[in-house]
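Commentary on secondary and tertiary structure
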Amino acid sequence: MCFAVQACHVAPLEKPQKLVVGAEQPALYLPKLAGKRVGLVVNQTSKVNNQHLVDFLLAQGINVQVIFAPEHGFRGDHDAGEKFNNSIDKQTGVPLVSIYGKSKKPAAEVMASVDIIVFDIQDVGVRYYTYISSMHYMMAAASEANIGFMVLDRPNPNGMYIDGPVLEHEFQSFVGMHAIPLLHGLTVGELAKMIVGQGWLNTDKPLALTVIPIANYHHQMPYSLPIKPSPNLPNDLAIALYPSLGFFEATPISIGRGTPYPFQVIGYNKTSLGDYTFMPVSTPGAAIKPKLMNETLIGQRFYQNAQTNHGGLTLRYVIQWHQAFAQQHETFFQHPKFMDKLAGTDKLRKAIIAGQTESEIKASWQPALTEYKALRQQYLLYN
């Protein structure tokens with residue numbers, strides 16, 4: 001016991017160790033790339049401190065043969081869904097091969113030009129965000145070409161949440177390829193391990209998978225992305241709301257593409273909930289032709305503040321807006337098949353139409369989520 005009259009020794013508080021992403025631990029991966037022909041799956045988020053991974057590897061004498069560009073392009077300046085062609089990166093002279101559009105998997109002759117594929121892209125932990133689908137196709141291509149696949153892991157900003165319907169096989173698409181929940185609680189490295197371990201590549205050839213893990217990371221750790229992962233996820237608030245507002249992509253309603261606040265506003269020109277007004281306009285590199293372009297919309301805007309947690313998945317907004325449309329006898333799920341692909345099931349859309357509450361719908365997910373959580377434990381690299 002220490003009394004006031006005594007000199008007390010108080011142990012200094014330990015500083016939390018700095019999080020270090022996989023790409024910033026070159027001692028773990030450069031030896032594995034030395035002397036090999038390397039293909040990179042990268043975009044604007046692929047940074048080693050302040051240097052792009054491509055530039056860093058070239059400076060280290062690594063033989064970068066080709067860059068594979070996913071949705072939004074190598075530099076992250078293409079609109080959602082915008083197709084782009086193969087080209088040459090002007091800054092490095094390295095060939096660029098599109099893996100978004102018709103050719104999601106490179107031709108065999110392209111794969112024959114490399115010995116290993118390195119994937120280093122910041123994901124947001126939501127099943128319908130397509131970077132993980134591109135990773136799947138590239139893993140399959142590497143397996144078929146009998147070459148290695150390396151993931152330089154990065155945190156999942158939504159990694160503390162596991163929620164949403166688990167995808168059903170008949171609703172598999174590029175916006176949902178795996179039997180995982182909408183919020184799956186995995187990093188891309190952990191998901192890559194699951195894809196291999198569960199045999200989801202649909203190939204009888206083994207894949208030599210290497211994951212360079214994040215140092216000093218756990219899934220409950222908040223992580224603010226240093227670079228926006230795509231044009232319409234510009235900040236932490238948009239990333240937090242993305243799982244809940246993504247369903248509106250299958251409706252006539254705008255969620256702010258073509259405004260300064262994508263995935264932070266909801267609005268429509270006829271039916272309204274709220275009194276916030278905004279106008280989507282053509283925004284090259286983010287939304288060339290946004291929904292309801294040049295129309296004044298009325299609805300809701302969300303703000304980041306200490307009192308409000310927008311994280312996780314809520315059905316509140318999609319249910320409220322569906323009810324408002326139903327009262328006006330307007331069609332809410334304008335693209336029902338797309339809604340079902342986003343949800344990974346048709347049960348969510350049908351439950352909303354039937355008037356089920358959020359708690360009733362979420363209760364229906366629990367048996368599949370319990371099963372998934374047990375499966376997830378096998379592939380975790382972090383607590």
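A short tour of the structure in this document, coming up. All of these numbers come straight from a predicted model, not from anything done at the bench.

With respect to the overall build of the protein
For the protein, the count of helices and strands is 10 helices and 12 strands. Against the 2.2 N^0.38 benchmark of 21 Å for 383 residues, the protein shows a C-alpha radius of gyration of 22 Å, consistent with a compact globule. Across its three principal axes, the protein shows a C-alpha extent of roughly 80 × 65 × 40 Å. Residues counted as buried form 54% of the 383 residues belonging to the protein. For the protein, restricting intrachain contacts to residue pairs at least 6 apart in sequence, the fraction spanning at least 24 positions comes to 73%. Surface accessibility of the protein: about 17400 Å² in total, with carbon and sulfur atoms responsible for 52%.

A word on the environment of Asn-269
Residue position: Asn-269 is located in the loop between β10 (265-268) and β11 (276-278). For the pair Asn-269 and Ser-254, spaced 15 residues apart in sequence, the C-alpha to C-alpha distance is 9.3 Å. Excluding residues that lie within four positions of it along the chain, Asn-269 makes contacts with Leu-292, Glu-295, Thr-296 and Leu-297. At 2.5 Å, the side chain of Asn-269 forms a polar contact with the side chain of Glu-295.

Some words on the sheet that holds β10
Spatially, β10-β12-β11 is the arrangement adopted by the 3 strands of the open sheet, whose pairing is antiparallel. The open sheet is flanked by β10 and β11, the only strands paired with a single partner. Going from strand to strand, the sheet's axes swing by 40 degrees on average, the running direction of each strand aside. Here 4 bridges tie β10 to strand β12 (residues 297-301), and the two strands are oriented antiparallel to one another. Each bridged residue has a counterpart across the sheet, and for Gly-267 the counterpart in β12 is Gly-299.

Digging into helix α10 (residues 358-377)
Helix length check: α10 (20 residues) gives 27 Å between terminal C-alpha atoms against 28 Å at 1.5 Å per residue, within 8%. Within α10, burial applies to Ile-361, Lys-362, Trp-365, Leu-369, Tyr-372, Leu-375 and Arg-376. Considering only its buried residues, α10 is in contact with α5 (188-197), α7 (316-327) and α9 (347-353).

A word on the side chain of Ser-230
Structurally, the position occupied by Ser-230 is in the loop between β9 (209-212) and α6 (236-245). At a separation of 2.6 Å, a polar atom in the side chain of Ser-230 contacts the side chain of Tyr-129.

Regarding the nonpolar core
If you look at the biggest cluster of nonpolar residues, it comprises 113 residues, and the most contacted ones within it are Tyr-29, Leu-57, Ile-117, Met-135, Phe-149, Phe-247 and Phe-248. Ignoring sequence-local partners within four residues, the contact set of Tyr-29 consists of Gly-22, Ala-23, Val-48, Leu-53, Phe-56, Leu-57, Met-150, Leu-152 and Ile-212.

With respect to helix α8 (residues 336-343)
Within α8, burial applies to Met-339, Asp-340, Leu-342 and Ala-343. Projected down its long axis, α8 shows its buried positions confined to an angular sector of 160 degrees, all on one face. Packing partners of the buried residues in α8 comprise α9. Looking one or two residues beyond α8, the residue adopting positive phi is Gly-344, at roughly 80 degrees.

Some thoughts on the packing of helix α4 (residues 131-144) against α5
Orientation of α4 relative to α5, taken along the N-to-C sense of each, is 45 degrees, at an axis distance of 11 Å. With respect to their mutual orientation, α4 and α5 come out oblique. Every pair of crossing elements has a handedness; the one defined by α4 and α5 is right-handed. Of the residues in α5, those in contact with Ile-132, Met-135, His-136 and Met-139 of α4 are Val-188, Leu-191, Ala-192, Ile-195 and Val-196.

Basis of the calculations
Residues numbered from 1 in each chain as written. Predicted model: local features only at pLDDT ≥ 70, side-chain atom pairs only at ≥ 80, totals over all residues. Heavy atoms only, no water. Helix = DSSP H or I, 4+ residues; strand = E, 2+ residues; numbered from the N terminus. Rg over C-alpha atoms; globule rule 2.2 N^0.38 Å. Buried < 20%, exposed > 50% of the residue type's maximum accessible area, 1.4 Å probe, protein only. Contact = heavy atoms within 4.5 Å. Areas by Shrake-Rupley, 256 points an atom, 1.4 Å probe, with all protein chains shown as cover. Polar contact = N/O pair within 3.5 Å; in protein donor to acceptor, adjacent residues only side chain to side chain. Pairing = 2+ DSSP bridges. Axes fitted to C-alpha atoms, helices over the stretch in contact; angles between N-to-C directions. Expected span 1.5 Å × (residues − 1). Core = buried A, V, L, I, M, F, W, Y, C linked by side-chain atoms within 4.5 Å. Arc of directions from axis to C-beta. Parallel < 35°, antiparallel > 145°, perpendicular 65-115°, else oblique. Left-handed = near helix turned anticlockwise from the far one by under 90°.

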